[in-house]
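# Architecture and fold: a report
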Amino acid sequence: MSVEPSVRSQAIRDLIRPWEVADLWETTNQPVLWHQSTAEKVAAWLKQQFERHELFYARDPPGIDMWCPPSATRLRRCGDCEDHSILAASLIEAGSRIVPSVAVGTYCKEDVCLGHAWVEGIDEHGWFLLEATTGDLFRSGRPARYRLDQLLSRTGRFAM
């Protein structure tokens, strides 16, 4: 079962919840990081969480596409690409006036393309793509392996 585009749009509006992660912003906004942009701070936080094994990637059960709010991902300490993207987008909103988008599309590696989600937006240093399952941050354009179908934000849907 996959999530239909109109349902995705409503899900993102309902699931990006900056208030559920506002307390985390203190850990991403330490004086040593003040020179970094909002996306860079969130990327560094994600990398740290994965390195410390405080956050894990976990697939949804076969045949189920379940999207979780940030509080559930935090409680479980794991999630798939949509869950990590929703968490990251919520954290970006919690610490700034930036309205990030959860990008839904495909990720291609060699000859295999799979459904995927990541975060895109514009922060103090310009456009970014944040790979929420690793904390990798891209600035110079969307890498070719990321193929966008939809940009979804808490304020509405942006088709590409």
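Residues numbered from 1 in each chain as written. Predicted model: local features only at pLDDT ≥ 70, side-chain atom pairs only at ≥ 80, totals over all residues. Heavy atoms only, no water.

## Regarding the confidence of the model for the protein chain
Averaged over every residue, the pLDDT of the protein chain is 86; the share at 70 or more is 88%. Of all the helices and strands in the protein chain, strand β8 (residues 156–159) carries the lowest mean pLDDT, 50, while strand β6 (residues 136–138) carries the highest, 97. (pLDDT = per-residue confidence, 0-100. Helix = DSSP H or I, 4+ residues; strand = E, 2+ residues; numbered from the N terminus.)

## A look at the nonpolar core
One finds Val42, Leu46 and Leu130 to be the most contacted residues of the largest nonpolar core, which totals 31 residues. Element by element, the count of residues in this core is highest for helix α5 (residues 81–94), at seven residues. Counting residues in hydrophobic clusters, the runner-up holds six residues, among them Trp118, Leu129, Tyr146 and Leu148. (Core = buried A, V, L, I, M, F, W, Y, C linked by side-chain atoms within 4.5 Å. Buried < 20%, exposed > 50% of the residue type's maximum accessible area, 1.4 Å probe, protein only.)

## Quick word on the state of the cysteines
A covalent bond between the sulfur atoms of two cysteines is referred to as a disulfide. Using the criterion set out here, one finds one disulfide in the structure. Note that Cys108 is cross-linked by a disulfide to Cys113, the S-S spacing being 2.0 Å. A torsion of 110 degrees about the S-S bond marks the disulfide between Cys108 and Cys113 as right-handed. Not part of a disulfide, Cys68 finds its nearest cysteine sulfur in Cys78, a span of 8.6 Å. (Disulfide = S-S within 2.5 Å.)

## Re the pairing of strand β3 (residues 101–109)
Strand direction decides the pairing type here: β3 and strand β4 (residues 112–123), joined by nine bridges, are antiparallel. Each residue of the ladder has a partner; that of Lys109, found in β4, is Val112. Between β3 and β4, which pair antiparallel and follow one another directly, the connecting turn spans two residues, one of which, Glu110, has a positive phi of 60 degrees. Where β3 lies against strand β7 (residues 146–153), seven bridges are found, and the strand directions are antiparallel. Residue pairing across strands places Thr106 opposite Arg147, the latter belonging to β7. (Pairing = 2+ DSSP bridges.)

## Description of the pattern of salt bridges
Scanning all chains against the criterion turns up six salt bridges. One salt bridge connects Glu40 with Arg139, and the closest N-O pair in it is separated by 4.0 Å. On the criterion of sequence distance, the pair formed by Glu40 in helix α3 (residues 38–51) and Arg139 in the loop between β6 and β7 is long-range, its members being 99 residues apart. A relative accessible area of 28% places Arg139 in the partly exposed class. With its nearest N and O atoms 2.7 Å apart, the salt bridge here joins Arg142 to Glu120. Of this pair, Arg142 sits in the loop between β6 and β7 while Glu120 sits in strand β4; the two residues are 22 residues apart in sequence, bridging distant segments of the chain. Given the relative accessible area of 31%, Arg142 is considered partly exposed. Glu120 sits in the buried class, given a relative accessible area of 3%. Put simply, Glu40, Asp123 and Arg139 are held in one network by salt bridges that share partners. (Salt bridge = Lys/Arg side-chain N within 4 Å of Asp/Glu carboxyl O.)

## A look at unusual backbone geometry
Generally, phi is negative for residues other than glycine and the peptide bonds are trans, each holding for most cases. In the Ramachandran plot, His53 falls in the positive-phi region, its phi being about 60 degrees despite a non-glycine side chain. Mapped onto the elements, His53 comes out in the loop between α3 and β1 (56–57).

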